[in-house]
Amino acid sequence: TNLHLTLCEGRAYGGAITSLTAPMKFTGATQSSTGWCGVAGRAIDGKTSGLYFKGKSCQHSASHKVVNSWTGTLATSSVVSRVVIYNRADCWQNRINGAKVFVGSTYCGASKYNPKISVYTVLCRNAIGR
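About the thresholds
- Residues numbered from 1 in each chain as written.
- Predicted model: local features only at pLDDT ≥ 70, side-chain atom pairs only at ≥ 80, totals over all residues.
- Heavy atoms only, no water.
- Helix = DSSP H or I, 4+ residues; strand = E, 2+ residues; numbered from the N terminus.
- Buried < 20%, exposed > 50% of the residue type's maximum accessible area, 1.4 Å probe, protein only.
- Lys, Arg positive; Asp, Glu negative; His and termini not counted.
- Salt bridge = Lys/Arg side-chain N within 4 Å of Asp/Glu carboxyl O.
- Contact = heavy atoms within 4.5 Å.
- Disulfide = S-S within 2.5 Å.
- Phe/Tyr/Trp six-rings, centres within 6.5 Å; stacked < 30°, edge-to-face > 60°.
- Lys NZ or Arg CZ within 6 Å of the ring centre and 35° of its normal.

Enquirer: Just to check I follow, could you spell out the side chain of arginine 42 for this structure?
Expert: As for its placement among the helices and strands, arginine 42 is situated in the loop between β2 (26–31) and α1 (52–55). It turns out arginine 42 is buried and unbridged, and the closest side chain with the opposite charge, aspartate 45, is 6.4 Å from it. Leaving out residues up to four positions away in the same chain, arginine 42 has contacts with Cys8, Glu9, Cys37, Tyr52, Lys56, Ser57, Cys58 and Gln59.

Next comes the structure, spelled out in structure tokens:
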């Protein structure tokens, strides 16, 4: 069982889903553990390349926890229509499988690894959270 979690960018969007919608502003991030210098803030740095070592813009949990988590904090309590996750692109892409997305206490859904895509969208049905 793979216990690592690696996200290269997390973005939350509110309102209507269009290509012109700007992501909401995250003011911070935390995670359950840190491995290989992959601090939580790397997943909200605006970089979407997915290159862990070259880009140094992906978070990485340690594997000693049974359940690893990453939490992004929005600037204010907001209505979230969807969360977009940019996956690692250089290796270990399957670590995204089963990543659960919550907005506040509302469960939005989970990612299902697909080797043909690197960006995952989880619909949150206008959940409210920070």
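Enquirer: Would you take a moment to explain the state of the cysteines for this structure?
Expert: Each disulfide is one covalent bond, formed between the sulfur atoms of two cysteines. Under the defined criterion, the tally for this structure stands at two disulfides. Here cysteine 8 engages in a disulfide with cysteine 58; their sulfurs sit 2.0 Å apart. Sign of the S-S torsion, about 95 degrees for the bond between cysteine 8 and cysteine 58, identifies this disulfide as right-handed. Separated by 50 residues along the polypeptide, cysteine 8 in the segment before β1 (9–13) and cysteine 58 in the loop between α1 and β3 (70–74) bring together distant segments of the chain. Through a disulfide, cysteine 108 is tied to cysteine 124; the S-S separation comes to 2.4 Å. Between cysteine 108 and cysteine 124 the disulfide shows an S-S torsion of about 115 degrees. By sign, it is right-handed. Of the two residues, cysteine 108 sits in strand β6 (residues 106–110) while cysteine 124 sits in strand β7 (residues 119–129), which places them 16 residues apart along the sequence.

Enquirer: Got a minute to help me understand the packing of aromatic side chains in this structure?
Expert: Each aromatic ring pair is specified by the distance between its two centres and by the angle formed by the two planes. Tallying each qualifying case throughout the model produces three aromatic pairs. Judged by centre distance (6.2 Å) and plane angle (70 degrees), the rings of phenylalanine 26 and tryptophan 70 are edge-to-face. Taken as a pair, phenylalanine 26 in strand β2 and tryptophan 70 in strand β3 lie far apart in primary sequence, 44 residues in all. Overall, tryptophan 70 belongs to the buried group, its relative accessible area being 17%. In this arrangement the basic side chain of arginine 42 is found over the ring face of tyrosine 52, its NZ or CZ atom lying 5.4 Å from the centre.

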